[in-house]
Amino acid sequence: MYRYLANSDSDIHDSDLGLDGFESSYFARHLTNREHYPATQIIIKPNESLYGGDLKKISPQIIHAHFAGTGPAGLFYGLRNKLPVVFSFYGYDDFCPLAQPPWADYLEPLFEHGSLFLVFSQFLADQLQNIGCPEQKIKLLQPGIDHKRFHSPARGEISKNIRFLIQAPLEEKSGINYVLSAFYHLVQEHPDCELKIIGEGNLKANVLGQIKELSLQQKVTLLPLMEKEVTIKHLQQADIFLCPAVTDGNGSQESNPVPILEASLCAKPVIASKLAGIPEVVFDQQTGLLVEEKDTSALIQAMKKLISSPTLAEELGKNGRKHAKRYDIEETRHELAEVYHQLTATKKTLYSFPQKTDVYQKILIIRSIPVIDFLHKLFFIKQQYPY
């Protein structure tokens, strides 16, 4: 709800295109990357409280709030207008901290009044149920990837210049400090290796500082988030994909499977942490190598193993591509459309907005909202809609 649309959120946009019987309208406070992410309608206003009138003009039949932080706004508009509200949670850290004081009361009205909660891994489904979400309101919706945008480049002669790639936010939960330590030891034995890191975040200065401290400036390249096609080129040029995720000091975990699946579609072997939902998309010794989180020695050994065993690396990459093809964007869109159709059909008599006969519209509330808006909507919900 803060910005439409960050490069890191392209999978949200992709899954929403071409849904049978639905068109999308977006609320945002700022506009970015418009040329890369076309949408039916985007409403840009700096003051989130002005959106009420726009809702009536759009005449939505359903609201979809992405990320837990948009939950109060999504539920606020849904309850006021008697609309079904769908929530998408993208990580354990997205909702787990909210189950602790002072936010514990926030999740109860969401679970009580929310229509459906979508997650992309069984791990997240289990965790969501553990903190009080009714099992019947949780649905596993696998991430969808547009296979046509990815291909496996022809494998040429094996080179000593092995290229590693990480695509992750520059945050503690991404475990980049551990992989930099591992890479430092690796280049002592394999000096021709290279590492690219694609990401942005609040630890950028720390990452750059560690790179300098370890004298890896000539070996490690830090790149910002970029449009999908450019990211795909970097994936195709890489030899091995890394996902060294960890549990940070707040209990947050990086478990987004999309970068892993995209790397697998490019037939890249994956070295990843055995953490959260990652083992659901990386099968140890079959599509990649899994290591314990924060285990620098294990990372070093896994990297050395794939460098010294190019045949194994190629086999893991081929297996990974075969597995990743199961995550098809068209199937995800079809399943999401079915969810919308079922919810709009069951709540049709409750709509306060006039119906459209040719197409349904829904509102997607993307990313985050300011804390003041979060608190305002939460206060209203608790006062007006007791649970």
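Values in this document were obtained by computation on a predicted structure and should not be read as measured data.

So, about helix 12 (residues 310-324). An ideal rise of 1.5 Å per residue puts 21 Å on 15 residues; helix 12 measures up with 21 Å between its terminal C-alpha atoms. Residues Ala313, Leu316, Gly317, Gly320, Arg321, His323 and Ala324 constitute the buried set of helix 12. Relative to the axis of helix 12, the buried residues are bounded by an arc of 160 degrees and lie together on one face. Residues of helix 12 that are exposed and point over 90 degrees away from its buried face: Thr311, Lys318 and Lys322.

Applying the stated criterion across every chain, the model contains six aromatic pairs. A centroid spacing of 5.0 Å and a plane angle of 75 degrees characterise the contact between Phe76 and Tyr77, whose relative ring orientation is edge-to-face. Note on accessibility: Phe76 and Tyr77 belong to one class, buried. Relative to Phe117, the ring of Phe89 has its centre 6.0 Å away and its plane inclined at 55 degrees; by these criteria the two rings are tilted. Here Phe89 is found in the loop between strand 6 (85-88) and helix 4 (92-95), whereas its partner Phe117 is found in strand 7 (residues 116-119), with 28 residues between them in sequence. Residue classification places Phe89 among the buried residues on the basis of a relative accessible area of 1%. For Phe117, a relative accessible area of 0% gives the class buried.

A word on the pairing of strand 6. Residues in a regular strand project their side chains so that they alternate between the two faces of the sheet. Neither face of strand 6 is exposed, since Val85 and Phe87 on one face and Val86 and Ser88 on the opposite face are all buried. Sheet topology places strand 5 (residues 62-66) next to strand 6; four bridges connect them, and they run parallel. In the sheet register, His64 faces strand 6, and the bridge partner there is Val86. You can see the chain leave strand 5, run along helix 3 (residues 71-80) and come back into strand 6, and the turn it takes is right-handed. As paired strands, strand 6 and strand 7 are joined by three bridges and run parallel to one another.

This next bit is on the pairing of strand 11 (residues 220-223). The pairing of strand 10 (residues 194-198) with strand 11 spans four bridges and is parallel. Residue pairing for strand 11: Leu195 is matched across the bridge by Val220. Taken together, strand 10, helix 8 (residues 204-213) and strand 11 form a β-α-β motif whose crossover is right-handed.

Over its 13 residues, helix 11 (residues 296-308) extends 18 Å from the first C-alpha to the last, a length consistent with the 18 Å expected when each residue adds 1.5 Å. By the burial criterion, the buried members of helix 11 are Ala298, Leu299, Ile300, Ala302, Met303, Leu306 and Ile307. Structurally, the start of helix 11 carries an N-cap: the backbone nitrogen of Ser297 is 3.3 Å from a side-chain oxygen of Asp295.

One open sheet holds the six strands; their spatial order is 11-10-9-12-13-14, and the pairing between them is parallel. Two strands in the sheet have a free side with no partner beyond their single neighbour: strand 11 and strand 14 (288-291). Taken pair by pair, the neighbouring strands of this sheet meet at an average axis angle of 20 degrees, ignoring direction. Of the pairings in the sheet, the one linking strand 9 (residues 163-167) to strand 10 comprises five bridges and is parallel in character. When the sheet's bridge partners are listed, Arg163 is paired in strand 10 with Glu194. Against the sheet, helix 10 (residues 258-265) engages strand 9, strand 12 (240-243) and strand 13 (270-273), with an angle of about 170 degrees to strand 12.

Moving on, we come to the confidence of the model for the protein. Interpretation of the predicted coordinates at a detailed level should be avoided for regions scoring low in pLDDT. Residue-level pLDDT values for the protein average 81, and 72% of them are 70 or greater. Confidence over residues 348-361 falls short of pLDDT 50; this stretch has 40 contacts with residues more than four positions distant or in other chains.

Looking now at the packing of helix 7 (residues 176-189) against helix 8. A packed helix pair is summarised by two numbers, namely the angle formed by the two axes and the spacing between the axes. At a minimum axis separation of 10 Å, helix 7 and helix 8 run at an interaxial angle of 10 degrees. One way to sum up the angle between helix 7 and helix 8 is to call them roughly parallel. The segment helix 7 lies against helix 8, with Ile176, Asn177, Leu180 and Ser181 engaging Val207, Gln210 and Ile211. Counted by class, the contact of helix 7 with helix 8 contains four nonpolar, three polar and no charged residues.

What follows concerns unusual backbone geometry. The phi dihedral of Lys82 falls on the positive side, at around 55 degrees, and the residue is not glycine. Summarising the element assignment, Lys82 is placed in the loop between helix 3 and strand 6. Look at Ala267: it is not a glycine, yet its phi comes out positive at around 65 degrees. Looking at where Ala267 falls in the secondary structure, it is placed in the loop between helix 10 and strand 13. Note on Ala267: relative accessible area 16%, which makes it buried.

Basis of the calculations
Residues numbered from 1 in each chain as written. Predicted model: local features only at pLDDT ≥ 70, side-chain atom pairs only at ≥ 80, totals over all residues. Heavy atoms only, no water. Helix = DSSP H or I, 4+ residues; strand = E, 2+ residues; numbered from the N terminus. Expected span 1.5 Å × (residues − 1). Buried < 20%, exposed > 50% of the residue type's maximum accessible area, 1.4 Å probe, protein only. Arc of directions from axis to C-beta. Phe/Tyr/Trp six-rings, centres within 6.5 Å; stacked < 30°, edge-to-face > 60°. Pairing = 2+ DSSP bridges. Right-handed = clockwise from strand over helix to strand, strands pointing away. Polar contact = N/O pair within 3.5 Å; in protein donor to acceptor, adjacent residues only side chain to side chain. Axes fitted to C-alpha atoms, helices over the stretch in contact; angles between N-to-C directions. Contact = heavy atoms within 4.5 Å. pLDDT = per-residue confidence, 0-100. Parallel < 35°, antiparallel > 145°, perpendicular 65-115°, else oblique. Nonpolar A, V, L, I, M, F, W, Y, C, P; charged D, E, K, R; others polar.

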